[in-house]
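Chain residues, written in single-letter form:
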Amino acid sequence: MNQERLLNIIFAPHISEKSTLAADKSGQFIFKVAVDATKREIKRAVEQLFEVEVADVKTMNVRGKMKYTRTPGKRPNWKKAIVCLKPGQDIDFVSA
């Protein structure tokens, strides 16, 4: 796996009320990732960037919303990855 490819897979953590509760309760962290990224690539990228052990990765494609205004438009589609860490592991976004 190319190191440059791994660094370009994860765009940002998806911060919301639901994702914060999932992180506190069950150690699941949600990221916005590249649309063409595979689960294996996401796992390797998270392990490399945050130095943690990943137990499971779940992905979903999120459709962009349609906006009906004077000039109708559409937000872009994006991919969400839910990363479950092994027990005892944690990601600290402040120091990372």
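Further up the page is the structure itself.
Heads up: these notes are all about the structure in this document. As the structure is a prediction and not an experimental result, all values here were calculated from the model.

Procedures and definitions
Residues numbered from 1 in each chain as written. Predicted model: local features only at pLDDT ≥ 70, side-chain atom pairs only at ≥ 80, totals over all residues. Heavy atoms only, no water. Core = buried A, V, L, I, M, F, W, Y, C linked by side-chain atoms within 4.5 Å. Buried < 20%, exposed > 50% of the residue type's maximum accessible area, 1.4 Å probe, protein only. Helix = DSSP H or I, 4+ residues; strand = E, 2+ residues; numbered from the N terminus. Contact = heavy atoms within 4.5 Å. Arc of directions from axis to C-beta.

## Some points on the nonpolar core
Piece 1. With 20 residues, the main nonpolar core has I9, F31, I42, V46 and I91 as its most contacted residues.
Piece 2. The set of elements that each furnish at least two residues to this core consists of β2 (28-33), α3 (39-50), β3 (54-62) and β6 (78-85).
Piece 3. In terms of residue count, α3 provides more of this core than any other element does, 4 residues in total.
Piece 4. Each residue touching I9, except ones within four places of it in the same chain, is listed here: K32, V33, A34, A37, E41, I42 and A45.

## Points about helix α2 (residues 17-26)
Piece 1. Those residues of α2 that sit buried are S19, A22 and A23. What you see down the axis of α2 is that its buried residues fit within an arc of 100 degrees, all on one side. Away from its buried face by more than 90 degrees, α2 exposes E17, K18, L21, D24 and K25.
Piece 2. Looking at the buried side of α2, the elements it contacts are β2.
Piece 3. Taken from the residues just after α2, G27 is the one with a positive phi, measuring 70 degrees.

## A short note on the environment of G27
Piece 1. The residue G27 is located in the loop between α2 and β2 in this model.
Piece 2. It is 15 Å that separates the C-alpha atoms of G27 and K43, two residues lying 16 residues apart in sequence.
Piece 3. Excluding its chain neighbours within four sequence positions, the residues that come into contact with G27 are A22, V83, C84 and L85.

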